[in-house]
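# Structural features, examined
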Amino acid sequence: MSIVEILGVAASVSLLAGWRLYLCVFAVGVAMRTGWVPLPDHLMQLDVLANPWVLGVAGLLAVIEFAADKVMWIDSAWDAVHTLVRPVGGALLALAIVDPSRPEWQVIAVLLGGSASLLTHSAKAGTRAVVNASPEPVSNIVVSTGEDVATGGLLVLALANPIAAVVIALGILGASVAALVVLKRMLAKLLGRKAKTG
């Protein structure tokens, strides 16, 4: 696997960890343990994720996150707590994916992995805060379920096909930046209206 493909897998996993860190850890662990996703030999460093204890804790936290993310305002509190957790988790996942014999790439992976997770986490948290402003609870559940399905599907695709991982990483990156730009404009309009009425 080329360095571009390796960085593509690392970037995809890190970006997705900004949405669902525990699902990423659990899915990669299950893929390692069962072999249902053909992981390259290079990713065997991730075999610690296949440890039954790690799988158990990640699975439990993924279920808790799944439930918490469906409840209006609890999801925003969960996101607030995970503003530090997800970037660190994304950085560590990226570090585990990159070849340990190349320390320069490991440093780059940690820096980019943490930044990528923070970017997607920020876009997710901001978008969910806007969705929470809606008076009905259905949109929150729909958006959350969409994030679950997208994270799981894209994660499997990224692990199975390193070329797809590069495309996925670029797509998620673009969508996250676009979401942050839209959120910034919405906030500017809201603050502008409040200043006029205040």
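Now for a look at the structure at hand. (Residues numbered from 1 in each chain as written. Predicted model: local features only at pLDDT ≥ 70, side-chain atom pairs only at ≥ 80, totals over all residues. Heavy atoms only, no water.)

## Digging into the side chain of His-82
Here His-82 is to be found in helix 3 (residues 74-97). Once residues within four sequence positions are removed from consideration, His-82 is found in contact with Tyr-22, Pro-87 and His-121. (Helix = DSSP H or I, 4+ residues; strand = E, 2+ residues; numbered from the N terminus. Contact = heavy atoms within 4.5 Å.)

## Looking at the layout of surface pockets
The gaps left among the atoms become clear once a water-sized probe is rolled over them. Here the largest pocket is characterised by a volume of approximately 330 Å³. Breaking the lining of the largest pocket down by element, the ones donating at least two residues are helix 1 (3-34), helix 4 (103-132) and helix 6 (162-197). Counting residues per element, the lining of the largest pocket draws most heavily on helix 1, which supplies seven residues. In terms of residue class, the lining of the largest pocket is made up of 14 nonpolar, four polar and no charged. (1 Å grid on protein atoms, 1.4 Å probe; cavity = no way out; pocket = protein on both sides within 12 Å on 5 of 7 lines; lining within 4 Å. Points joined across faces, edges and corners; volume = space filled by probe spheres on them. Nonpolar A, V, L, I, M, F, W, Y, C, P; charged D, E, K, R; others polar.)

## Some remarks on the packing of aromatic side chains
Under the criterion given, the structure shown has zero aromatic pairs. Looking at Lys-70, its charged tip hangs above the ring of Phe-66, at a distance of 3.7 Å from the centre. (Phe/Tyr/Trp six-rings, centres within 6.5 Å; stacked < 30°, edge-to-face > 60°. Lys NZ or Arg CZ within 6 Å of the ring centre and 35° of its normal.)

## As for helix 2 (residues 52-68)
With 17 residues, helix 2 extends 24 Å from end C-alpha to end C-alpha; this agrees with the ideal 24 Å at 1.5 Å per step. Buried residues of helix 2: Leu-55, Ala-58, Gly-59, Ala-62, Glu-65 and Ala-68, and no others. Buried positions along helix 2 lie against helix 1 and helix 3. Capping of helix 2 at its N-terminal end is provided by Asn-51; its side-chain oxygen lies 2.7 Å from the backbone amide nitrogen of Trp-53. (Expected span 1.5 Å × (residues − 1). Buried < 20%, exposed > 50% of the residue type's maximum accessible area, 1.4 Å probe, protein only. Polar contact = N/O pair within 3.5 Å; in protein donor to acceptor, adjacent residues only side chain to side chain.)

## A closer look at helix 5 (residues 138-160)
A rise of 1.5 Å per residue sets the reference length of helix 5, with its 23 residues, at 33 Å; its end C-alpha atoms lie 33 Å apart and thus fit the reference within 8%. Those residues of helix 5 lying buried are Asn-140, Ser-144, Glu-147, Asp-148, Thr-151, Leu-155, Ala-158 and Leu-159.

## A look at the pattern of salt bridges
Per the stated rule, a full pass over the model turns up 12 salt bridges. Measuring nitrogen to oxygen at the nearest pair gives 3.1 Å for the salt bridge that ties Arg-128 to Asp-75. On the criterion of sequence distance, the pair formed by Arg-128 in helix 4 and Asp-75 in helix 3 is long-range, its members being 53 residues apart. Exposure class is identical for Arg-128 and Asp-75. Each is buried. Residue Glu-147 pairs with Arg-128 through a salt bridge whose shortest N-O separation is 2.9 Å. Here Arg-128 lies in helix 4 and Glu-147 lies in helix 5, a separation of 19 residues in the sequence. Residue Glu-147 is classed as buried on the basis of its relative accessible area of 10%. One connected set of salt bridges, linked through shared partners, spans Arg-20, Glu-65, Asp-69, Lys-70, Asp-75, Asp-79, Arg-86, Lys-124, Arg-128, Glu-147 and Asp-148. (Salt bridge = Lys/Arg side-chain N within 4 Å of Asp/Glu carboxyl O.)

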